[in-house]
Amino acid sequence: MSVHLFGIRHHGPGCARSLAEALAALQPDCILVEGPPEADNLLGWIGQPGLVPPCALLVYAPATPQRAVFYPFAEYSPEWQAIRYANAHAVPVRFCDLPQAHRLVPADAEAPALEDAPADGMRADPLAWLAEAAGFSDSETWWDHLVEQRSDSLDLFSAIAEMMTAVRAQVGHPDSPSELRREACMRNAIRAAEKEGRQRIAVVCGAWHVPALAHLPSAKSDADLLKGLPKEKLAATWTPWSYGRLSFASGYGAGVVAPGWYQHLWQRREAASLHWLTDVATLLRKHDLDASSAHIIEAARLADTLAALRERPRAGLDELMEAVRAVFCYDSELPLQLIQRDLLIADRLGEVPPEVPTLPLIQDVQAQQKRLRLAVKADSLDIDLDLRQPAHLEKSVLLHRLALLGVRWGSRQVVRGKSGTFHELWRLAWEPEFAIRLIEASVWGSTLEGAATNCAVNCGAAAVTLADLTALMEAILLADLREAVQPVMARIRNVSALTADLGFLLAALPPLANVVRYGNVRGTDTGALAGVIDGLVARACVALPFGSRSLSDEAAAQLFTQLVAGDAAIRLLQDVAHLASWFAALETTARSEPAHPLIRGRCVRILTEQQHWPREEASRQLGLLCSRTVAPLAAAQWLEGFLQGSGALLVHSDELWQVIDGWLQAQPAETFIELLPLLRRTFGSFSAPERRQLGERTRHGSGVTAAPALVAMAAVDPVRARRVLPILATILGAAAPETIDAE
């Protein structure tokens, strides 16, 4: 009877390759792997065609799914290879770590603390001083060169055991209580295998634990460590994982710097460096960047030379990246970012077969994804949906329902030139954490439609403000949750009847306007919303003249945003009665002296833009504000409300220009400096062409509207201009000019 300890790094191709050969030579009759015993019944899936790494074991508490833990695996993870060997050779295999049932207990449980104590520098990275002694800058690079890049070595694990024994002796102080309990549980698993009569027991665990498992203390001492631990009922399943989440950059403590590079090392056993440089060249050429076979040869020579200078047996990732930077990228960062994303990380999502036991809600979501042919990928995928097509409408409904449950698989995109009630652009990117959110959402129902409906009704009952309720109603109709419409609609009626705040009334209008707009193309009955919208618009019109009085600057700025959004919503409804009441309220507010100047200025802007007032009336209102009897700050605030967002009126109106120009020139120097930040903020909101036109107008004279055009005409060369006349005649026909007069 013998126990063989294989100390490994959790995600390392060198360890995985050496372990596979060591197991083939040993031919064990029992394999123990560091991992959660709650997932023992899922180990048989490893090696099956449908389970494709990277994937992870998800262990969670069904009562509170947010208490969960992932155990990720890549193809080059030593644990994956050990379990795969066991399944292929019918060798009993099980996990031997401390059960998560003792570690995922609620924080208020009456039990010994399981948290790790804060580690000092050496305990946090015990291999750092070995790496430093070997001439490496960090332990990651050192381990990579000594272990992961080697083709195979049956002596590797005895060397690791000797090294870790020396390191633990040097550290000198005991592990945290959590680590001691974990190692006690592993020793108990070894004792249990020995009692079963196993002759060749293979234990695959983290290299740090090997010295603690080499010599077994008394069973009683380990039993005392595990006595009285709390216990929680848990469940486990497989879930897809991604290489992005396997990297250090994602915050994963046992992650690796470059998962894609390790995958390359695993697949390319020989000449890995040369193949990787070839992949770099292929990637750069794919993106129309210069890369040839000569670049590959030169980069390979440079990497080998750097490795020789550093007295290393072969070129590692550091040498290859320095060679790539010098030869392929010409010391530019942009190609390196492309290589980092597509080769070093090489983000991709694993696959889990639908037969894996999981919750009904997750099965329903997976079935809909498959039926609608929506690929689940780790990298982003843009899709363009035309809601007039039934299949596209179903995809939109699926994404909106998932968003209601907190699974934001898709994010809406806005693209110039592509808008409308029937058009949606989405960017899809699946995150492994979505599996937990779907488990959490299972409390609402066993199907996606049922869960989203129940969740929406619950959110409606808990919502306090009218704006939250109307935004929820928009989400409900976009998700086509017909059963949730009536409960939330009743809640909207009750809350709107008690809402008197002008800001809340205006903020509630945009979602309802969007609901009416989308209702037409989605086939949704929005007739029940008509009464609510009528009431909100009427009350907003009554409240506007009074709600804009006696406001602080901060409150006025908030109301300004709500006023702009509410105005757009009312005009979107295209109801004549609503527009008449709204314009009347705007007129009253624009002429109301107690109203805040910022709000008054925006009211005048809306009335002028919608041609309800002539520009002369806007100029008259501005002239009144620019008189000596009005404080300069109030005039500047009015001007900000009137002009913010667009300077088109100022560009094309001589009257407005002259009034503002005269007012600015009349300000004393001290007052002008005081107003300058406000004026810069206002004019800074203009587009670049508008600012350029205003600058040209200031330069060439404030009294002539067409100054920029005249300046441009002065530089016209008549001889060159006549050359385009035949083309203009062909395009415009009789309307084309026959001559060009330089004067």
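For the structure itself, look to the data block above.
Just so it is clear, the structure is predicted and the values come from calculations on it, not from any experiment.

Student: Hey, could you run me through the overall build of the protein chain in this one?
Tutor: Looking only at helices and strands, the protein chain features 34 helices and 10 strands. For the protein chain, the proportion of its 743 residues judged to be buried stands at 48%. Considering only contacts within the protein chain whose residues lie at least 6 apart along the sequence, 75% involve residues at least 24 apart. Counting only carbon and sulfur atoms, one obtains 54% of the accessible surface of the protein chain, whose full area is about 35,500 Å².

Student: What is the right way to read the packing of aromatic side chains from this model?
Tutor: We describe a pair of aromatic rings using the distance from one ring centre to the other and the angle between the two ring planes. Tallied over the entire structure, the rule returns 11 aromatic pairs. Arranged with centres 4.8 Å apart and planes meeting at 50°, the rings of Phe70 and Trp241 form a pair that is tilted. Of this pair, Phe70 sits in strand E4 (residues 64-73) while Trp241 is found in the loop between strand E7 (235-240) and helix H10 (259-267), placing the two residues 171 residues apart along the sequence. On the accessibility criterion, Phe70 (18% relative accessible area) is buried. Under the relative-accessibility criterion, Trp241 is labelled buried at 6%.

Student: Looking at this model, I keep getting lost on the sheet that holds E4. Mind explaining?
Tutor: Across a sheet, paired strands are connected by hydrogen bonds in the backbone, their directions being either parallel or antiparallel. The strand order E4-E3-E7 describes an open sheet built from 3 strands, whose pairing is antiparallel. Two strands in the sheet have a free side with no partner beyond their single neighbour: E4 and E7. Direction aside, neighbouring strands of the sheet carry axes that sit 30° apart on average. Two strands pair when backbone bridges link them, and strand E3 (residues 55-61) and E4 are joined in this way by 7 bridges, in the antiparallel orientation. Bridge pairing links Ala61 to Thr64 in E4.

Student: Just checking my understanding: could you explain the environment of Ile160 for this structure?
Tutor: Mapped onto the fold, Ile160 is located in helix H6 (residues 156-171). For Ile160, a relative accessible area of 3% corresponds to the buried category. The spatial distance from the C-alpha of Ile160 to the C-alpha of Ile8 is 8.2 Å, given a sequence separation of 152 residues.

Calculation rules
Residues numbered from 1 in each chain as written. Predicted model: local features only at pLDDT ≥ 70, side-chain atom pairs only at ≥ 80, totals over all residues. Heavy atoms only, no water. Helix = DSSP H or I, 4+ residues; strand = E, 2+ residues; numbered from the N terminus. Buried < 20%, exposed > 50% of the residue type's maximum accessible area, 1.4 Å probe, protein only. Contact = heavy atoms within 4.5 Å. Areas by Shrake-Rupley, 256 points an atom, 1.4 Å probe, with all protein chains shown as cover. Phe/Tyr/Trp six-rings, centres within 6.5 Å; stacked < 30°, edge-to-face > 60°. Pairing = 2+ DSSP bridges. Axes fitted to C-alpha atoms, helices over the stretch in contact; angles between N-to-C directions.

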